[in-house]
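Notes for the structure review
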Amino acid sequence: MSSSPTATFFSKHHQLPPVHRHRSSPPTTINCTSSPTSVTTTNNRQPIPSLLPFSAKYVPFNTVTDESYSLDEIIYRSRSGGLLDVQHDMDALKQFDGKYWRSLFDSRVGRTAWPYGSGVWSKKEWVLPEIDNDDIVSCFEGNSNLFWAERFGKQNLGGMNDLWVKHCGISHTGSFKDLGMTVLVSQVNRLRQMNKPLVGVGCASTGDTSAALSAYCAAAGIPSIVFLPANKISMAQLVQPIANGAFVLSMDTDFDGCMKLILEITSELPIYLANSLNSLRLEGQKTAAIEILQQFDWEVPDWVIIPGGNLGNIYAFYKGFKMCEELGLVDRIPRLVCAQSANANPLYIHYKSGWKNFMPVKATTTFASAIQIGDPVSIDRAVYALKNSDGIVEEATEEELMDEMAAADSTGMFVCPHTGVALVALKKLREKGVIGKSDRTVVVSTAHGLKFTQAKIEYHSKEIEGMSCKFENPPVEVAAEYGAVMDVLTKHLSKVS
Ligand SMILES: Cc1ncc(COP(=O)(O)O)c(C=O)c1O
Ligand SMILES: N[C@@H](CCOP(=O)(O)O)C(=O)O
């Protein structure tokens, strides 16, 4: 019996359908690979000599030093214990102008040529330029909907007309983590092909990283191990790694406790760390920023608002925008806003103190459970991103975030509580007049609302202690009889008309 094509689709050894094997080059542009000798024009196939190859390496984050590491090394921190960053050879990338890169990226959208149809791998030269296409583990992530939130903007924000929601949660495993995980798991796949001693990949998680890790590992046949804080993630998130065959450890601690443990374990055992401390993840996540520019035909929005927890994503967005500026695709970057839950707000406190001495906090329960993080590993990256984008940090209380989520849902979206946090930040900045009525603004929606149905059910049944749930919309129980249905319906219609 032949095996299911979907089961083996991403395996290196599987014979992909011809359309996926075909490495197409965009029309009227140059077909770039990582080797300078193979950079050719599509018209005459003449090699262009002396071009620098595209390459990337790890360097200490925001530090001037000669220290650097190959991406094929298993390393997460610099010699001094600081964060790492993936540094691309910008001189090599600058051999091509902004117009070239724009048209190359545009030409790959929605295509099936492996792996460029992925929103991440369509930017391969800027992500992991040296990986072999056969080693890539992709679920064709990215290319997510940039939704014009017309009704929400008009109704809830005093006629704001240029408001957009980037639905990163409408994705393979239901969150933006897919963008980073395709890169990390592809690199692990490559390292395993190189016989590096890696028995598996592990992460601590509030539910989305674990879902993405387990799915991408399962697609590639790589063991995954996830550390979850018991009873602190949604049921939908818990079942994702279970279904994907991960080794799931449920621990009586919070995310910060799980994070501490995975760092200790991965330093002892040959398990590769998949959290965003690992800067490879951010290379994939930064493509969401590039995609936003692309979806606006390379016009730059004024504001981008991102919910923050472990704080890798805010830096990933900054990096994506900054690369586009440096390589001439756009001439400026947007102002960034990081939005936190008031119950898990170490960055907000740090911002309000004028960036004086960062102090972790003990994060308490929040409906935005995926950002219940008190000691974010990427604090330095976030501060850098915000300082260099004239950024702002805002916070949202439980009632504010749940109301905003419900208000967004009532205009046709179905967003997660973290998106609610970002929408509160927008509302507060509009009310203060910081964000103008006609400013082009993008709110990044980070996970699918279907992962958080329990929170929505509690809200709409007014089951949340101390919360007025002003947008509640509970189902009406009615007898299955014509008269009874008519009564409730006419009453209802008289109210809405
Ligand atoms: C749904 C969701 N939104 C936002 C975040 C915050 O992202 P980051 O940790 O990169 O700040 C996370 C994870 O932390 C998440 O899972
Ligand atoms: N929300 C995250 C928390 C961990 O973040 P990471 O980006 O460092 O992996 C999750 O879903 O686990």
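A brief look at the structure comes next. Counting of residues starts from 1 at the beginning of each chain's written sequence and follows it residue by residue. To label them, take the chains in the order written and letter them from A, then take the ligands in the order written and number them from 1. Given that the model is predicted, a residue must reach a pLDDT of at least 70 before its local features are reported, and side-chain atom pairs must reach 80 or more before they are shown or counted; all residues, however, enter totals for whole chains, interfaces and linings. Computation of side-chain values covers all heavy atoms of the structure but excludes hydrogens and water.

1. A look at the site of ligand 2
Note on terminology: near, applied to a residue and a molecule or strand, indicates that one of the residue's heavy atoms is within 4 Å of it. Taken together, 13 residues surround ligand 2, and among them S205, T206, T209, S276 and R281 come closest. At 2.7 Å, a side-chain N or O of T209 approaches an oxygen atom of ligand 2. Two N or O atoms form a polar contact when they lie within 3.5 Å of each other; inside protein one atom must be a possible hydrogen donor and the other a possible acceptor, and for residues adjacent in sequence the pair counts only when both atoms belong to side chains. N275 is positioned such that a nitrogen or oxygen atom in its side chain is 2.9 Å from an oxygen atom of ligand 2. Accessible surface is estimated by sampling points in the Shrake-Rupley manner with a 1.4 Å probe; for residues, cover comes only from the protein chains shown. About the coverage of ligand 2: the protein hides 95% of its 340 Å² of free accessible area. Classes in brief: Ala, Val, Leu, Ile, Met, Phe, Trp, Tyr, Cys and Pro nonpolar; Asp, Glu, Lys and Arg charged; the others, Gly included, polar. For the shell around ligand 2, the residue count by class is three nonpolar, seven polar and three charged.

2. Section: the site of ligand 1
Inspection of the region around ligand 1 gives 15 residues, with D208, G309, N310, L311 and T446 positioned closest. Contacts to ligand 1 include D208, whose side-chain N or O atom sits 2.7 Å from an oxygen atom. With respect to ligand 1, the backbone of A370 contributes an N or O atom lying 3.4 Å from an oxygen atom. Protein chains bury 98% of the 380 Å² of accessible surface belonging to ligand 1 in isolation. For the shell around ligand 1, the residue count by class is six nonpolar, seven polar and two charged.

3. Digging into the environment of F255
Within the secondary structure layout, F255 lies in helix 10 (residues 255-268). Sequence-wise, F255 and S205 are 50 residues apart; in three dimensions their C-alpha atoms are separated by 6.4 Å. Pairs of residues are marked as contacts when any of their non-hydrogen atoms sit within 4.5 Å. Residues in contact with F255, not counting those within four places in the same chain, are A204, S205, T206, P229, N275, N310, Q372 and I373. Secondary structure elements are taken from DSSP: a helix is a run of H or I of four residues or more, a strand is a run of E of two residues or more, and numbering for both begins at the N terminus.

4. Examining the sheet that holds strand 13 (residues 335-341)
At least two DSSP bridges between two strands are required for those strands to pair. If you walk across this open sheet you meet the six strands as 6-7-15-12-13-14, and the pairing is mixed. This sheet does not close on itself; its edge strands, each paired only once, are strand 6 (146-148) and strand 14 (392-396). The average angle at which neighbouring strand axes cross in this sheet is 25 degrees, direction not considered. Across five bridges, the pairing between strand 13 and strand 14 is parallel. Across the sheet, the residue bridging to C338 is V393, located in strand 14. For helices, the fitted line uses only the C-alpha atoms of the stretch in contact; every axis is such a line through C-alpha atoms, and the angle between N-to-C directions lies from 0 to 180 degrees.

5. A closer look at the sheet that holds strand 10 (residues 247-251)
Pairing between the strands of a sheet is mediated by backbone hydrogen bonds and can be parallel or antiparallel. If you walk across this open sheet you meet the four strands as 10-9-8-11, and the pairing is parallel. The sheet is open, and its two edges are formed by strand 10 and strand 11 (271-273), each paired on a single side. Here the strands of the sheet are splayed against their neighbours by 25 degrees on average, with no regard to which way each runs. The pairing of strand 9 (residues 224-229) with strand 10 spans five bridges and is parallel. The residue bridging V226 from the neighbouring strand is V248, located in strand 10. With respect to the sheet, helix 7 (residues 177-193) is in contact with strand 8 (200-204) and strand 11, its orientation differing from that of strand 11 by roughly 150 degrees. Packed onto the sheet, helix 10 meets strand 8, strand 9, strand 10 and strand 11 and runs at close to 150 degrees relative to strand 9.

6. Concerning a nonpolar patch on the surface
A cluster of nonpolar side chains, V476, V478, V485, V488, L489, L493 and V496, forms an exposed patch at the surface whose accessible area comes to about 570 Å². Inspection of the secondary structure puts V485 in helix 19 (residues 482-496). The rule is simple: take the accessible area with a 1.4 Å probe, protein chains only, and divide by the maximum for that residue type; under 20% is buried, over 50% is exposed, in between is partly exposed. Taking the relative accessible area as the measure of exposure, V485 reaches 34% and is therefore partly exposed. Patch definition: residues above 30% relative accessible area lacking any salt bridge, with like charges linked at up to 9 Å and the nonpolar side chains Val, Leu, Ile, Met, Phe, Trp and Tyr linked at up to 5 Å. Basic side-chain nitrogens of Lys or Arg form a salt bridge, by our definition, when they fall within 4 Å of a carboxyl oxygen of Asp or Glu.

7. Focus: the pattern of salt bridges
Once the charged atoms of two side chains with opposite charge are near each other, the side chains can pair. Inspection of the entire model under this criterion finds 19 salt bridges. Note that K319 and D85 form a salt bridge whose closest N and O atoms lie 3.2 Å from each other. Taken together, the residues span a long stretch of sequence, with K319 in helix 13 (residues 312-326) and D85 in strand 5 (residues 84-88) at a distance of 234 residues. Between R440 and E299 there is a salt bridge, and its shortest N-O distance comes to 3.4 Å. One end of the pair, R440, is in the loop between helix 17 (417-431) and strand 15 (441-445); the other, E299, is in the loop between helix 12 (287-295) and strand 12 (303-307), with 141 residues separating them in the sequence.

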